[in-house]
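Listed below, chain by chain, are the residues.
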Amino acid sequence: MISINISRRHFQNPAFLEEYAEIKERYGIADGQIELELTESVFFNEEQIALVKQAVFRMHQLGFRCSLDDFGSGFSSLGLLKEFDVDVIKLDRLFFLDMSSDKAKAVIACLLELAKRLHVKTVAEGIEEPAQLEYLRSLHCDMVQGYVISRPLPVEEFEKWSQRYGN
């Protein structure tokens, strides 16, 4: 799967989704293989929210997946989750910086449960410690993103790493 960040600037061009769809078709990319990531920064006002809501609908028509990136880092995340038919929420790394308190763990558990009830996949961002990974595994978080598995690697090193771990 390939993820592409979508900014507020993309929405200045009403045809940007059609251009992406044309590229997807040209290269024979199957539906569901490209995920368009929205951050809360694209939601500027009510007019923008309506525009993005229409775009999310169109994304699905064109065979793209849609995720809400950095979920929980802004004011209106739950409201946005209610309004938009996203496939994935990427929980902001701020949730995982200090997981030592019961309150922090409860918030994470509630967000993961909410996502499951809404049939939305979850990605925990910024996971760097094995203890974080184990806790998220116990809650059945769908995916993690972060350095806990590996830091970014040059292509040659990645290929060696991949062979070593059988991926």
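Overview of the structure.

Basis of the calculations
Residues numbered from 1 in each chain as written. Predicted model: local features only at pLDDT ≥ 70, side-chain atom pairs only at ≥ 80, totals over all residues. Heavy atoms only, no water. Helix = DSSP H or I, 4+ residues; strand = E, 2+ residues; numbered from the N terminus. Buried < 20%, exposed > 50% of the residue type's maximum accessible area, 1.4 Å probe, protein only. Phe/Tyr/Trp six-rings, centres within 6.5 Å; stacked < 30°, edge-to-face > 60°. Pairing = 2+ DSSP bridges. 1 Å grid on protein atoms, 1.4 Å probe; cavity = no way out; pocket = protein on both sides within 12 Å on 5 of 7 lines; lining within 4 Å. Points joined across faces, edges and corners; volume = space filled by probe spheres on them. Nonpolar A, V, L, I, M, F, W, Y, C, P; charged D, E, K, R; others polar. Salt bridge = Lys/Arg side-chain N within 4 Å of Asp/Glu carboxyl O.

So, unusual backbone geometry
What is expected of a backbone is that most residues other than glycine have negative phi and most peptide bonds are trans. Although it is not a glycine, D70 sits at a positive phi angle of roughly 55°. Residue placement: D70 occurs in strand β3 (residues 65–71). Of note, the phi angle at H119 is positive, near 60°, even though the residue is not glycine. With respect to the helices and strands, H119 occurs in the loop between α4 (102–117) and β5 (121–125). Residue classification places H119 among the exposed residues on the basis of a relative accessible area of 73%.

Quick look at the packing of aromatic side chains
Taken as a whole, this structure holds 5 aromatic pairs when the rule is applied. Between W161 and Y165 the ring centres are 5.2 Å apart and the planes differ by 50°, which places this aromatic pair in the tilted class. The exposure class of W161 is buried, given its relative accessible area of 15%. Following the ring pairs from residue to residue traces out a cluster consisting of F11, F16 and Y20.

So, the pairing of β3
Of all 7 residues in β3, 5 are buried, a share of seventy percent or more. Of the pairings in the sheet, the one linking strand β2 (residues 34–38) to β3 comprises 4 bridges and is parallel in character. Across the sheet, the residue bridging to L38 is L68, located in β3.

Examining the layout of surface pockets
Within this model, the largest pocket holds a volume of roughly 200 Å³. Taken together, M1, S3, E35, R65, V88, K90, V123, M143, V144 and Q145 form the lining of the largest pocket. For the lining of the largest pocket, the elements supplying multiple residues, two or more each, are β4 (88–91) and β6 (143–145). With 3 residues, the top contributor of residues to the lining of the largest pocket is β6. Of the residues assigned to the lining of the largest pocket, the class counts are 5 nonpolar, 2 polar and 3 charged.

Some points on the pattern of salt bridges
By the definition in use, this model includes 11 salt bridges. Two residues, E35 and K90, come together in a salt bridge whose shortest N-O distance is 3.6 Å. Pair noted here: E35 is in strand β2 and K90 is in strand β4, with a separation of 55 residues, a long-range link. Here K82 ties to E83 by a salt bridge, and the two come within 3.3 Å at their closest N and O atoms. What makes K82 exposed here is its relative accessible area of 66%.

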